[in-house]
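# Descriptive structure summary
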Number of protein chains: 2
Amino acid sequence: MPINSFTDYPMSWKPDRDALKRPLYRSLALLLEHDITNGFLAPGTKLPPQRELADFLDINFTTITRAYKLCELKGLIYAVTGSGTFVSANAARSITISKDKISNEIIDLGFVASFEQSNNIVAEAAKKVTEKGYLEQLLNYNDPTGIPHQKAAALNWMADFGIHADKDNMAIASGALNALAITLLALFEPGNRIAVDMYTFSNFIEISKLYRIKLVPIPGDEHGMLPGELDNQCLQMDVHGVFLMPSCSNPTTVMIPDYRKRELAAVIRKHRLILIEDDIHAFLSAGIMADYGQPMFQLLPEQTVYICSTSKSICSGLRVAYIVFSEAFKEKIVKAIFNINVKTSSLDAEIISELILSGKASAIAAKKKQLAESANRLFTEFFPQLPRTGHPLSFYRWLPISDDADGTHMENYFLNKGIRVYHSDRFLSGASTRDKYLRIALSSTNSLEELQRGLAILSSHFPKLIGSRKNPAPL
Amino acid sequence: MPINSFTDYPMSWKPDRDALKRPLYRSLALLLEHDITNGFLAPGTKLPPQRELADFLDINFTTITRAYKLCELKGLIYAVTGSGTFVSANAARSITISKDKISNEIIDLGFVASFEQSNNIVAEAAKKVTEKGYLEQLLNYNDPTGIPHQKAAALNWMADFGIHADKDNMAIASGALNALAITLLALFEPGNRIAVDMYTFSNFIEISKLYRIKLVPIPGDEHGMLPGELDNQCLQMDVHGVFLMPSCSNPTTVMIPDYRKRELAAVIRKHRLILIEDDIHAFLSAGIMADYGQPMFQLLPEQTVYICSTSKSICSGLRVAYIVFSEAFKEKIVKAIFNINVKTSSLDAEIISELILSGKASAIAAKKKQLAESANRLFTEFFPQLPRTGHPLSFYRWLPISDDADGTHMENYFLNKGIRVYHSDRFLSGASTRDKYLRIALSSTNSLEELQRGLAILSSHFPKLIGSRKNPAPL
DNA sequence: TGATTTGTCTTTACACATTTA
DNA sequence: TTAAATGTGTAAAGACAAATC
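Residues numbered from 1 in each chain as written. Chains lettered and ligands numbered in written order. Predicted model: local features only at pLDDT ≥ 70, side-chain atom pairs only at ≥ 80, totals over all residues. Heavy atoms only, no water.

For clarity, the cut-off: UniProt positions are given in the numbering used here, feature names are shortened, and annotations may be inferred rather than shown by experiment.
Chain A is annotated in an unreviewed UniProt entry as Aminotransferase class I and II family protein from Paenibacillus macerans. Looking at the Cofactor (unreviewed entry) heading of the UniProt record, one finds this comment for chain A: "pyridoxal 5'-phosphate".

## A word on the sheet that holds strand S12 (residues 304–309) of chain B
Residue and element names in this part refer to chain B. Operational definition: Pairing between two strands is assigned when DSSP locates at least 2 bridges connecting them. A run of H or I in DSSP becomes a helix once it reaches four residues, and a run of E becomes a strand once it reaches two; helices and strands are each numbered from the N terminus. Fitted lines through C-alpha atoms give the axes, limited to the stretch in contact for helices. The angle between two N-to-C directions lies from 0 to 180 degrees. Here, residues are in contact when the closest pair of their heavy atoms is within 4.5 Å.
Read from one edge to the other, the open sheet built from seven strands follows the order S5-S13-S12-S11-S10-S6-S7, with strand pairing classed as mixed. Only two strands of the sheet have a single neighbouring strand rather than two, namely strand S5 (170–173) and strand S7 (214–218). On average, each strand axis in the sheet is tilted by 20° relative to the strand beside it, whichever way the strands run. Relative to strand S10 (residues 241–244), strand S6 (residues 193–197) runs parallel, the two sharing two bridges. Bridge pairing in S10 links Ile194 to Gly241. Packing of helix H12 (residues 327–341) onto the sheet brings it into contact with S5, strand S11 (274–278), S12 and strand S13 (321–324), and relative to S12 it is tilted by some 40°.

## Let's talk about the nonpolar core
Quick reminder of the rule: Take the buried residues of types Ala, Val, Leu, Ile, Met, Phe, Trp, Tyr and Cys, join any two whose side-chain atoms come within 4.5 Å, and each joined set is a nonpolar core. We call a residue buried when its accessible area falls under 20% of the maximum for its residue type, exposed when it is over 50%, and partly exposed in between, using a 1.4 Å probe and counting protein chains only.
By size, the foremost hydrophobic cluster in this structure holds 144 residues, and its most contacted members are A:Met158 and B:Met158. For B:Met158, the contacting residues outside a window of four places in its chain are B:Ile163, B:Met170, B:Tyr306, B:Cys308, B:Tyr322 and B:Val324. Of all hydrophobic cores here, the second largest spans 86 residues; its members include A:Ile194, A:Phe338, B:Leu187 and B:Ile194.

## Thoughts on the domain arrangement of chain A
Residues and elements named next belong to chain A. Rules: The start and end points of each domain follow an automatic or database-based domain assignment. Defined in terms of a 1.4 Å probe, buried area is the accessible area two parts forfeit on being brought together, summed over both. Within 3.5 Å is the distance limit for a polar contact, defined as a pair of N or O atoms, with the added protein rule that one can donate a hydrogen and the other accept it, and that residues adjacent in sequence qualify only through two side-chain atoms. Here the nonpolar group is Ala, Val, Leu, Ile, Met, Phe, Trp, Tyr, Cys and Pro; Asp, Glu, Lys and Arg are the charged ones; every other residue, Gly included, is treated as polar.
Looking at chain A, the domain boundaries give domain 1 (1–92), domain 2 (107–117 + 362–466) and domain 3 (119–359). Its C-alpha centre places domain 2 at a distance of 25 Å from the equivalent point of domain 3. Contact residues are listed per partner, giving 30 residues for domain 2 and 35 residues for domain 3. Buried surface at the junction of domain 2 and domain 3, summed over both partners, amounts to about 2,700 Å²; 61% is from carbon and sulfur atoms. The largest share of the area that domain 2 buries against domain 3 comes from His391, Tyr396 and Ser429, three residues that together contribute 24% of it. If you look at where domain 2 meets domain 3, you find 18 residue pairs in polar contact (both at pLDDT 80 or more). A class-by-class count of the residues in the side of domain 2 that touches domain 3 yields 13 nonpolar, 10 polar and seven charged.

Structural data, given as structure tokens:
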């Protein structure tokens, strides 16, 4: 006899009994996948509990578990013990963000570029590098993790952020995301769990999906992830790592102050987590923000993979990021670099090195900070009513909205108005929250003037969007 | 009652009953992993059958299955239905091959470089590119899969090999291995099976391990993989893809002739496999070898991911490879590119494009072919007794040996003699075979003279190595 | 607070396919 | 050729843990 009478309370999903073939669990997963991707089951829908569906189909409930698990691994659904199983917010679409072509008419406030106005300085450096006599020696397979003098330049660059490491404990990768892919492949296994902010870097969500790593969303406040919440989750389940962007979180613009870094470090140490510290925004905080303190790598050198990309601070088109790691991780990371990249282009790394050693990199970073400051000032002029939280030099803003419209619809609405923005659903690492945001990139237009036009369009539609929201919810 | 009396025939592995903790399967897997990595269980050792070990430990045999499965996913062991479970040949060590530092005294016949003597031409092209006015425009996030004119150059280059495709069905990646990583992450899932030659590209073995993809070794002959054997394996188990290097297989130097390509294509079509065609050596075969025919991509355009790296043909230090794919794979591959690379360095791709469009790339490739011919001639002079099989322009040779010494020992033996070579164990995709080989790189020395010195050392130790082997076994 | 709901993990049972002798 | 040996795949049972009311 069924425990729950499914005739009284109709189930949200009633798969066709006759469509089930053997193996049952695969067949059931396929039916579910089909119904989700074809829109019969909307994001957020609560699926029938495992036992209820099992009774309905007259099979064992652990077979349902297996079918649900298949779909969960694909990111289509997520399950919460005690609450139920739900269709993911981003089930039916990819949230990968890239600078793919949009019409020239559209102002891009979506993808976060890096104020490309200073690329002429980089172009000059490139020219200088190719005139050097030793260029030929960069064009072979040698030094797969980076040429010693390039590593010296890298350490030089990172020293300003508070990183002190040895050449043997670092490597050069092809950009931050490449470094993240290397780290995941090197140190984690499919099925492992990594703790992240409720809203986090969308491409990290995607690459975790690709590698079948489960993300565990941890609540945070205006100073970042809450140590107590992280501790709780680690006590409750086997968590292997944690991903943080302490200098300026993407997309929330939160900077983790020193006191919070220390609290988090204590929890991370306690649970022996691997910390993946993406410090792409170090140049916006180190030596600028009062309570920056130091990278968490310095607090947890044995457990941290520190990643410092030059895409935002120096140049986005030259694919260079530095990975710093302890002896414990060295062999695995270097091996993963060989296996994913063979080596990183020495030419790109050489140009970045030239920029660093000549001091031009600092000048470029200073210029970008200046542009970021102007852009943020402009944003505040358009949205004076917003509370002044978040990083003052961030390349993007995190705009609370009250409209309950579906994320895709809202993005399309603004596309029709002539601007591209990204909805907070794209950055959700787990279940939906009732609070919605838009991420507004400030660094992707060709000029401040274009940004101004974009923000004007945005703000003209904004009053309707903030609606009744008085107190922006915690991040 | 035990079916097999384990008291009469002692089991090769007797885990300590008392060391078992709950969960049993994990605990058991850890014990096994420990005993393998610490050398208590030598490569090739047959483990106790699942039922026998289960009787011994007094638990259900499927719990042993689970424990064995964990170790199999890590590449520590492999199982053959009907025969048993065995410790992998490469269980205890990494077989990743890279151009890491070896002493300057040692002549490198191990890692396959690409006759770097022509890099001065590349350096000139680099200089020319940096003098172009539009360099600045290459230094941003735009066109993540490649700039249109670079793609045109790519298609131009590949047309000589028989590839005809559209710009929208190709992308630029950071080298062949990066393209392979992208393909695996995009189109396969952990646990999937890919058919490969018995001996195959070692870094492909490693990246498959990282991504928990199982390799299914398929026997071959002097014309490559045997279609009948591939068909058999696909009938027996669920195989998702097949990896081939038709123009010149690494490490066996086999070129698959046109008739065999067609036979294989028929089997691949029949089982709807995804073909990963690594055609890094196309420039050595297309238009040169009589029975080259065409890339398999042209035979199976819907099911093939065609990868064409320029590392061997043009320049190894500029990380550029082209991926060609059908509409069916497009979305997934492009998404994986965004997630692993964000984008590939436009600068590297631009220099390669410049070389292609100016005709210098062809000149470089011609020079490398000439050097390869000389190197192969030199090799034949040193080893006249060897049958003339394999590709005549290969950048490496595959040398049958009869010595039964362990692979690592043999490599170290030659290191002590002053040369680095790689033993066939590194290239084993599955079980050990009784036939052993050395892979001898011809393209990594700084000069033919240095190669000559290296081959002299090798050949002086060779008579002892070939020993009694009369008929080299099939590849 | 304590019972109930709900999902997770481990182990067992069993039918089946392949290999080997 | 058949029987035994051996690994694989699916399903079910049950103990457990978290969330909810």
